[in-house]
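# Geometric and topological summary
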Amino acid sequence: MREYLLTLCITAAVTYLLTGPVRKFAIVAGAMPEIRARDVHREPTPRLGGIAMFFGLCAGLLVADHLSNLNEVFAKSNEPRALLSGAALIWLIGVLDDKFEIDALIKLGGQMIAAGVMVMQGLTILWLPIPGVGNVALTQWQGTLLTVALVVITINAVNFVDGLDGLAAGMVCIAAGAFFLYAYRIWYSYGIEAAAPGTLFAAILMGMCLGFLPHNMHPARIFMGDSGSMLIGLVLSAGAISITGQVDPDALALFTGSEKAAVHQTVPVYIPLLLPLTIIAVPAADLVLAIVRRTWRGQSPFAADRGHLHHRLLEIGHSHSRAVLIMYFWSGLIGFGALAYSVNSASMWIVLGVVFLSAVGLVLLLLPRFTPRVPVWAQRFVPPRYRRRRRAPEAVTAVEAEVPEGGERSPVPAGVSGVNGATAIGARSRFLDRR
């Protein structure tokens, strides 16, 4: 665990330290697009944050290659090299898109090529565990098509959800955290070495997101752009492929008693036949809804709009920060709920806990304008938005002089004119604004 934590910290540190210079480079290079109709931010913000994230990935892999225990991952498996090759290709495509706005179909073709490069180097799905059936071996073409589909779906799911400051990086970090705990349990609890690459990929992915988040939280100083969103989507899919297609349920059967029981143990990580990661269920749902919505309107599935889940949260009255936190909440609930279920699927308390937290999440969605207020004695310890506002004495006096008990507006007294009259009217306006 210490070596994984060291790798995570090095990746986060390199990403964090490079993001500042990358921001200056993006400004000089002109990677600051104009404000579009679907954008939430109101000032031009530089992109190309994926450059820092890519070098953080490279630093994490380099450090892991020189650690005694993690070095075995590079010695016994070609998956880290396959990941680096695919990541470099998708990163270059993202950088070009951040600067020159390349066509969506070209990006899709690049994503498929990057997935194909990883498949050619051994990072592919070899078999598919199916609940109730067991382990189903795939042909080379079946494994290739399924791997490419998984990579493309995950990349676009993360890319679609990248619409608010800190949203994509935070959600992927939560997903990577849940996935790391799952993979680490298979690796060290069951002693299955095939889970080691997926565990390493998840640790590095957490470092990339944690290092970038301080620069990307609202108000963001830099965006990751497609160079970052497609990159972290590819890394997340690589970990999923490594666990799904490389870990043989027959090995888990030694600990669970049978192959079907072993497959049942891995069910929380799979969505049958298509998407082996419940931890990106929220971005995947957003992706499916976007495709259906745009196709129904007669638009291209790649045509951008303001109908994503995070846009809807803003429209119903949530603030920017609260919308991001709500998306974090649902991602964590689904990801860590699936993780808890994989540890003990027979526990009813886990199901009840997930149901209760889901009800809490629905309450948060239905109360967009609810702002909790703290007691007077605790106001000094919380941000200003949670403090009770007090009326200014001069504002109350001005309002009382202008609005009598009958509710009809009274004229400004004869003796109040000029500056004094403007002051009274301004005080009333400020008072009404606060109300």
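In case you missed it, the structure is sitting above this.
Each value, and the rule that gives it
Residues numbered from 1 in each chain as written. Predicted model: local features only at pLDDT ≥ 70, side-chain atom pairs only at ≥ 80, totals over all residues. Heavy atoms only, no water. Helix = DSSP H or I, 4+ residues; strand = E, 2+ residues; numbered from the N terminus. Buried < 20%, exposed > 50% of the residue type's maximum accessible area, 1.4 Å probe, protein only. Contact = heavy atoms within 4.5 Å. Core = buried A, V, L, I, M, F, W, Y, C linked by side-chain atoms within 4.5 Å. Axes fitted to C-alpha atoms, helices over the stretch in contact; angles between N-to-C directions. Parallel < 35°, antiparallel > 145°, perpendicular 65-115°, else oblique. Left-handed = near helix turned anticlockwise from the far one by under 90°. Nonpolar A, V, L, I, M, F, W, Y, C, P; charged D, E, K, R; others polar. Patch = residues over 30% accessible without salt bridge, like charges linked within 9 Å, V, L, I, M, F, W, Y side chains within 5 Å. Areas by Shrake-Rupley, 256 points an atom, 1.4 Å probe, with all protein chains shown as cover. Salt bridge = Lys/Arg side-chain N within 4 Å of Asp/Glu carboxyl O.

Each helix and strand counted, the protein has 17 helices and two strands in total. The buried share of the protein, taken over its 435 residues, is 48%. Relative to all contacts within the protein whose residues are 6 or more apart in sequence, the contacts with residues 24 or more apart total 73%.

Right, let's talk about the nonpolar core for a bit. Ranked by size, the top nonpolar core spans 87 residues in total, and within it Tyr4, Leu57, Leu200, Leu205, Leu231, Ile232 and Leu234 carry the most contacts. It is helix H7 (residues 167-189) that contributes the most residues to this core, 14 residues altogether. Setting aside its immediate chain neighbours within four residues, Leu231 contacts Gly50, Met53, Phe54, Leu57, Ala87, Ile90, Met208 and Asp226.

The geometry of helix H2 (residues 50-65) relative to helix H8 (residues 196-216) is characterised by a closest axis approach of 9 Å and an angle of 140° between their N-to-C directions. Judged on the interaxial angle alone, H8 and H2 are oblique. Here the hand of the crossing between H2 and H8 comes out right-handed. Contact residues: Met53, Leu57, Gly60, Leu61 and Ala64 in H2; Leu200, Ile204, Met208 and Phe212 in H8. Of the residues assigned to the contact of H2 with H8, the class counts are eight nonpolar, one polar and no charged.

Taken together, the side chains of Tyr341, Met348, Trp349, Val351, Leu352 and Val355 present a nonpolar region at the surface, about 650 Å² in accessible area. Looking at the nonpolar patch, the element that brings in the most residues is helix H15 (residues 348-366), giving five residues. Tracing the backbone shows Tyr341 in helix H14 (residues 320-343). Take Tyr341: its relative accessible area is 31%, and that puts it in the partly exposed class.

Okay, the environment of Leu84 next. Examined against the element boundaries, Leu84 turns out to sit in helix H4 (residues 79-100). Overall, the relative accessible area of 33% leaves Leu84 in the partly exposed class.

The next thing to look at is the packing of H7 against H14. For the pair H7 and H14, the least separation of the axes is 9 Å and the interaxial angle reads 10°. The pairing of H7 with H14 is recorded here as roughly parallel in orientation. In contact with Leu167, Gly170, Met171, Ile174, Gly177, Ala178, Leu181, Tyr182 and Arg185 of H7, H14 contributes Val324, Met327, Tyr328, Ser331, Gly332, Gly335, Phe336, Leu339, Ser342 and Val343. Classifying every residue of the contact of H7 with H14 gives twelve nonpolar, six polar and one charged.

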